[in-house]
Amino acid sequence: MWKKVVIIGAGPTGLLLAHYLLRREQYQVEIYERRDDPLRKEFEAERTFPINLQERGRKALRKIEGLENAITEESVWIYGTNSHSKKSRRIPRKQPLVCLDRNQLVKLILQHLEKTVDSNRLKLSFNSKLISLDDTKNTVNIEVENGEVLTVNYDRLVAADGARSRIRQHLVNKKGLESEVSYVPEDYKSVFFQQPSNPDLQLDRDTIHAQTLKDRTRMLLVPQPEDQLNGVIVFDTKNNPFENFSSQADVFEFMKTNFPFFSPCLSGEEAEALLERPIGKVLTVRCDRFHEDSKILMLGDAAHAVSPSLGQGCNAGLEDVLIFDQVLDQYQDNWEKTLPAFSEKRVPDAHALKELSDYAFPRRKILVAELFLRLKIKRFLNRLFPNLFKPFVFDLLLDSNISYREILQANQGWINRLKKADR
Ligand SMILES: Cc1cc2nc3c(=O)[nH]c(=O)nc-3n(C[C@H](O)[C@H](O)[C@H](O)COP(=O)(O)OP(=O)(O)OC[C@H]3O[C@@H](n4cnc5c(N)ncnc54)[C@H](O)[C@@H]3O)c2cc1C
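Residues numbered from 1 in each chain as written. Predicted model: local features only at pLDDT ≥ 70, side-chain atom pairs only at ≥ 80, totals over all residues. Heavy atoms only, no water.

### Some points on the packing of helix α1 (residues 12–23) against helix α9 (residues 313–330)
Under the convention used in this document: Comment: axis = line fitted to C-alpha atoms, over the contacting stretch for helices; angle = value between 0 and 180 degrees taken between N-to-C directions. Working definition: helices are DSSP H or I runs of at least four residues, strands are E runs of at least two. Numbering for both runs from the N terminus. Angles below 35 degrees are treated as roughly parallel, those above 145 as roughly antiparallel, those between 65 and 115 as roughly perpendicular, and all remaining angles as oblique. Crossing chirality is assigned from the near helix's rotation relative to the far helix, an anticlockwise turn below a right angle marking it left-handed and a clockwise turn marking it right-handed. In this description, contact between two residues means that some pair of their heavy atoms is separated by no more than 4.5 Å. By the convention adopted, Pro, Cys, Tyr, Trp, Phe, Met, Ile, Leu, Val and Ala count as nonpolar, Lys, Arg, Asp and Glu as charged, and the other residues, Gly among them, as polar.
Viewed as axis vectors pointing N to C, α1 and α9 meet at an angle of 25°, and their least axial separation amounts to 9 Å. Classed by the angle they form, the pair α1 and α9 counts as roughly parallel. For the crossing formed where α1 meets α9, the hand is right-handed. Facing α1, whose interface residues are Pro-12, Thr-13, Leu-16, Leu-17, Tyr-20, Leu-21 and Arg-23, α9 presents Cys-314, Gly-317, Leu-318, Val-321, Leu-322, Phe-324, Asp-325 and Leu-328. By residue class, the composition of the contact of α1 with α9 is eleven nonpolar, two polar and two charged.

Have a look at this one:
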């Protein structure tokens, strides 16, 4: 008999978990996702942004035959960052990044799932939103497109439903799960730009482009296929630059004055869309465990959403799946043992990642300068005396053999300094 695992959420984490579980003989997987099927209908633009995939996330994708290649073939390789102010400065990366749009990543993992797994053991339901669960009966209630509510039973339930997870909320309300949820003090708007036709104004196609203003409003653009430049404009919650704009002209004026390198990439259509596009709010989540009994598991943002400052959230969600798979192996698919062991292993890493993401990247300009100096010095010392000096936090994050806990330990001094000085 197959064990039925119901996964709520077809984001990167939930879909990768389905791949992993279906490699094992004993599972049947049902996925319920509240949004449309991305392979059959385009997502709305406001719900996406570029994701950089590092070795941590790619290592998890690599375990599924053909998946990493399917993703990297559609991605852009990034070799550095162009920091723009009056002039532009190119800062090379130690290792290249793979960048792609979040929704494109989801599409590719899903496409590979549909192509490669036994369809008798996989059921995918879109426009299907979990509205409640009954953990005494092992059932979830799913609202489908026509408003009807279906009751679905499960043997095991996985919350991969993102930072606003309803399952996590249920565990807080009914099962004493301790969970701190807070908003990052910065909001963002997704932006979709295009390389200008004038070659003199075009931006490098192999670097991230970043600019920070005095009031800490900043813009990040990541080259995408077909000469697109997708990214985000990030601003203090109390300082939304779009608040008083009423026309395209206001947006163009703002861009020309503040982001002159980027403004040639803005089209009239995008300026109009920017006025209407809703702002995104980012939640962070810190839980004391990632499971309930032997039946319910939380993964990815549902368990540990973090600020995007270090670009780790998705990488960590994918890594969750790899680690969960290793623990399943260790306990031969005995979920009674696997779930607590997974929490024990992963929760300290998630807490460390939250602390790193909250603090490792400074907000004050003077500290940003100090950061680059430390980065250079640590790289230099590490090259000369690798056993004595570890690389700095950003370089350590690229090494998937070092846990977030170890990275925090090695950089606690820097984090403590920023906690005191940067707020
Ligand atoms: C601006 C920005 C930039 C980022 N950049 C990076 C980056 O460069 N690198 C990186 O690693 N991470 C980055 N992240 C973080 C990354 O996007 C998330 O960590 C990642 O998407 C988490 O994946 P997930 O599958 O756990 O959750 P999600 O991607 O949130 O997916 C959850 C899914 O569950 C569905 N869902 C929610 N509720 C229900 C329900 N009740 N019923 C059914 N379905 C439901 C949602 O529709 C969604 O599809 C960034 C985040 C932001 C906001």
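### Focus: the environment of Leu-297
Worth spelling out the cut-off: Three labels apply to residues, based on accessible area from a 1.4 Å probe with only protein chains included: buried if under 20% of the type maximum, exposed if over 50%, partly exposed otherwise in between.
Position of Leu-297 among the secondary structure elements: in strand β17 (residues 296–298). Accessibility expressed as a relative area gives 0% for Leu-297, which makes it buried. For the pair Leu-297 and Tyr-79, spaced 218 residues apart in the sequence, the C-alpha separation amounts to 37 Å. In this structure, Leu-297 is in contact with Leu-157, Val-158, Ala-159, Phe-290, His-291, Phe-324, Leu-339 and Phe-342, ignoring residues within four places of it in sequence.

### Description of the sheet that holds strand β3 (residues 50–53)
Definition in use: Here a strand pair is declared whenever DSSP counts at least two bridges between the two strands.
Here we have eight strands laid out as an open sheet, ordered β3-β5-β4-β12-β13-β14-β11-β15, and mixed in their pairing. In this open sheet, the two edge strands, each paired with only one partner strand, are β3 and β15 (280–287). Each strand of the sheet is rotated relative to its neighbour by a mean of 35°, with strand direction disregarded. Two strands pair when backbone bridges link them, and strand β12 (residues 207–212) and strand β13 (residues 218–224) are joined in this way by four bridges, in the antiparallel orientation. Each residue of the ladder has a partner; that of Ala-210, found in β13, is Leu-220. Set on the sheet, helix α4 (residues 102–116) makes contact with β3 and β5 (88–101); between it and β5 the angle comes to about 35°.

### Points about the side chain of Asn-411
Where we set the bar: N or O atoms within 3.5 Å of each other form a polar contact, as long as, within protein, one can give a hydrogen and the other can take it, and as long as residues adjacent in sequence are counted only when both atoms are side-chain atoms.
Structurally, Asn-411 can be placed in the loop between α13 (404–410) and α14 (412–421). Engagement of the side chain of Asn-411 in a polar contact is seen with the backbone oxygen of Ile-407, the distance being 2.9 Å. Ignoring sequence-local partners within four residues, the contact set of Asn-411 consists of Phe-392, Val-393 and Leu-396.

### Observations concerning the sheet that holds strand β6 (residues 122–125)
Pairing is mixed across the open sheet formed by six strands, whose spatial order is β6-β2-β1-β10-β17-β16. The strands lining the two open edges of the sheet, one partner per strand, are β6 and β16 (291–292). Its contacts with the sheet place helix α5 (residues 166–175) against β1 (3–8), β10 (156–159), β16 and β17, and it is angled at close to 125° to β17.

### What about the site of the ligand?
The line we're drawing: Here a residue counts as near a molecule or strand whenever at least one of its heavy atoms sits within 4 Å of it. Calculation of accessible area relied on Shrake-Rupley with a 1.4 Å probe; when residues are assessed, cover is drawn exclusively from the protein chains displayed.
Around the ligand, the structure places 30 residues, and the nearest of them are Glu-33, Asn-52, Arg-102, Asp-301 and Cys-314. Measuring from an oxygen atom of the ligand, one finds a backbone N or O atom of Asn-52 at 2.8 Å. The backbone of Leu-130 places a nitrogen or oxygen atom 2.9 Å from a nitrogen atom of the ligand. Computed on the free molecule, the ligand has an accessible area of 1000 Å², of which 91% lies beneath the protein chains in the complex. Among the secondary structure elements, those contributing two or more residues to the shell around the ligand are α1, β3, β7 (129–134) and α9. Class assignment of the residues belonging to the shell around the ligand gives a composition of twelve nonpolar, eleven polar and seven charged.

### Brief notes about α9
Structural remark: α-helix, 3.6 residues per turn; residues separated by three or four positions point the same way. Definition in use: Helix span, expected: 1.5 Å multiplied by one less than the number of residues in the helix.
The end-to-end C-alpha distance of α9 is 26 Å, a good match for the 26 Å that 18 residues give at a rise of 1.5 Å each. Two residues or fewer after α9 comes Gln-332, characterised by a positive phi angle close to 45°.

### Here's the deal with the domain arrangement of the chain
The cut-off we apply is this: Note that the domain bounds were set by an automatic or database domain assignment.
Under the domain assignment used here, the chain contains domain 1 (3–76 + 98–182 + 282–357), domain 2 (185–281) and domain 3 (360–421). The gap between the C-alpha centroids of domain 2 and domain 3 is 29 Å.

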